[in-house]
Amino acid sequence: MVVTDAFAIETKGLRKTYATHHAVDSLDLTVERGEVFALLGPNGAGKTTTVEMLEGYRKRSGGDVSVLGVDPQRRTLDWRARIGIVLQSTGEFEDLSVQEVVEHFARYYPHPDQPMKVIERVGLLDKRKDRARVLSGGQRRRLDVALGIIGRPELLFLDEPTTGFDPQARREFWELIRDLAAGGTTILLTTHYLDEAETLADRVGVIARGRLVAVATPATLGGRGTAAAKVRWATPDGPQEHDTDTPATFVADLVTRFGGEVPELTVTRPSLEDAYLSMIQETA
Ligand SMILES: Nc1ncnc2c1ncn2[C@@H]1O[C@H](COP(=O)(O)OP(=O)(O)OP(=O)(O)O)[C@@H](O)[C@H]1O
């Protein structure tokens, strides 16, 4: 493959083999510039291995990779500065304050953001003087995110970014990601939270047993967009349900039949989780 920078990320036939185990197997993936792309897949599917090969932290066994136009195995400092990585906490800077850690990391980059601005963005302003060691799990993760974005990356890798966040922290984090995406940052994230993928991602890719089994928008994964809708309602005889491709027409008929409001009416289509789980079961 000729390495170009037409895409933020492009892989062709990417492979990683451990002894005889194919952890990543012939993976073809493209991520557009400015896109938010979520990699989904069960434990051990090969997500982290893939991401680490893209970051240049893990050597591939075969295939071609271009990340911002560069082969990650030939990475330069200049390339490295264009990429943000949110690592799992390293526990290296326990005795420094939040502010000191962020300021320390800012020095690694040629055009860093302002440390205080980043600390505020990740919601740690009131913790800026606290040592890293006293932060809670979720606060710690926010610090990891701060370190990932302090260099104002063009491309940000987030490996399970909101594990351990409380619901409010997750919502705030999602806002931050939307903000970064609106500013043109390309984002590749892995997550086990389907609602996170649905909220944030322009496209999702499902990895199972090292293979990319589907790539789609969250709304259309596994034929969700065109799947039959389930209409449920209540009658004096008990709950009723009906599957239909034309839910609006069906509901209109129900309204006529009831002469107005239909008790306990709901119309649902398969959730992203439904589509994902049936896809994973098919490949098991
Ligand atoms: N250094 C290694 N040596 C041998 N096997 C490894 C190594 N690292 C990962 N593997 C194996 O490769 C496979 C893919 O692992 P990987 O960590 O990429 O999965 P994942 O999709 O990120 O999983 P999770 O959702 O649990 O984080 C697993 O079967 C794992 O056991």
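Reading guide: rules and limits
Residues numbered from 1 in each chain as written. Predicted model: local features only at pLDDT ≥ 70, side-chain atom pairs only at ≥ 80, totals over all residues. Near = placed C-beta within 6 Å. Nonpolar A, V, L, I, M, F, W, Y, C, P; charged D, E, K, R; others polar. Helix = DSSP H or I, 4+ residues; strand = E, 2+ residues; numbered from the N terminus. Expected span 1.5 Å × (residues − 1). Buried ≥ 20, exposed ≤ 12 C-beta atoms within 10 Å, placed from the backbone. Arc of directions from axis to C-beta. Contact = placed C-beta atoms within 7 Å. Domains from an automatic or database assignment. Pairing = 2+ DSSP bridges. Axes fitted to C-alpha atoms, helices over the stretch in contact; angles between N-to-C directions. Parallel < 35°, antiparallel > 145°, perpendicular 65-115°, else oblique. Left-handed = near helix turned anticlockwise from the far one by under 90°.

Residues in contact with the ligand, as listed here, are Y18, A23, G41, N43, G44, A45, G46, K47, T48 and T49. In the shell around the ligand, the residues fall into 3 nonpolar, 6 polar and 1 charged.

With 16 residues, helix α6 (residues 167-182) extends 23 Å from end C-alpha to end C-alpha; this agrees with the ideal 22 Å at 1.5 Å per step. Buried within α6 we find F173, I177 and L180. Along α6, the residues classed as buried sweep out an arc of 60° about the axis, all on the same side. Those residues of α6 that are exposed and aimed more than 90 degrees away from the buried face are P167, Q168, E175, D179 and A182. Summarising the contacts, the buried residues of α6 are in contact with β3 (36-40), α5 (137-149), β6 (155-159), β7 (186-190) and α7 (194-200). Just past α6, the residue G184 takes up positive phi, approximately 100°.

What follows is about helix α8 (residues 247-258). In this model, α8 (12 residues) spans 16 Å end to end at C-alpha, consistent with the 16 Å of a helix rising 1.5 Å per residue. Of the residues trailing α8, G259 is marked for its positive phi of about 65°.

With respect to the helices, strands and loops of the structure, H192 is situated in the loop between β7 and α7. Owing to 14 C-beta atoms within 10 Å, H192 belongs among the partly exposed residues under this scheme. Put simply, H192 and P42 are 150 residues apart on the chain and 7.8 Å apart in space, counted from C-alpha to C-alpha.

Here we take up the domain arrangement of the protein chain. What the domain assignment reports for the protein chain is domain 1 (9-222) and domain 2 (228-268). Relative to domain 2, the C-alpha centre of domain 1 lies at a distance of 43 Å.

We now examine unusual backbone geometry. The phi torsion at L68 lies on the positive side, around 50°, for a residue other than glycine. Mapped onto the elements, L68 comes out in the loop between β4 (62-67) and α2 (77-81). Given 18 C-beta atoms within 10 Å, L68 falls into the partly exposed group. Phi is positive for E264, close to 55°, though the residue is something other than glycine. Judged by local crowding, E264 falls into the exposed class, with 10 C-beta atoms found within 10 Å.

Residue position: W79 is located in helix α2. Residue contacts for W79: discarding those within four places in its chain leaves L68 and V70.

Attention shifts here to the sheet that holds strand β2 (residues 21-31). Pairing within the open sheet is antiparallel, and its 3 strands lie in the order β2-β1-β4. Two strands close off the open sheet at either side, each with one partner strand: β2 and β4. The mean angle between the axes of side-by-side strands here comes to 25°, regardless of whether they run parallel or antiparallel.

Our focus in this paragraph is the packing of helix α3 (residues 98-106) against α5. Close contact between α3 and α5 brings their axes to 9 Å; oriented N to C, the two are set at 25°. Considering the angle they form, α3 stands roughly parallel to α5. Between α3 and α5 lies a crossing of right-handed hand. Contacts between α3 and α5 involve V98, V101, V102 and F105 from the former and L143, A146 and L147 from the latter.

On to the sheet that holds β7, then. Strand order in this open sheet of 6 strands is β5-β6-β7-β3-β8-β9, and the pairing throughout is mixed. Every interior strand has two partners, whereas the edge strands, β5 (83-86) and β9 (211-216), have only one. Ignoring which end each strand starts from, the neighbouring axes of this sheet average 15° apart. Where β3 lies against strand β8 (residues 203-208), 4 bridges are found, and the strand directions are parallel. The partner of L40 across the bridge, within β8, is V206. Against the sheet, α6 makes contact with β3, β6 and β7, and its axis sits at roughly 145° relative to β7, the strand it touches most. Contacting β3, β8 and β9, helix α9 (residues 272-283) crosses the sheet at an angle of about 30° to β8.

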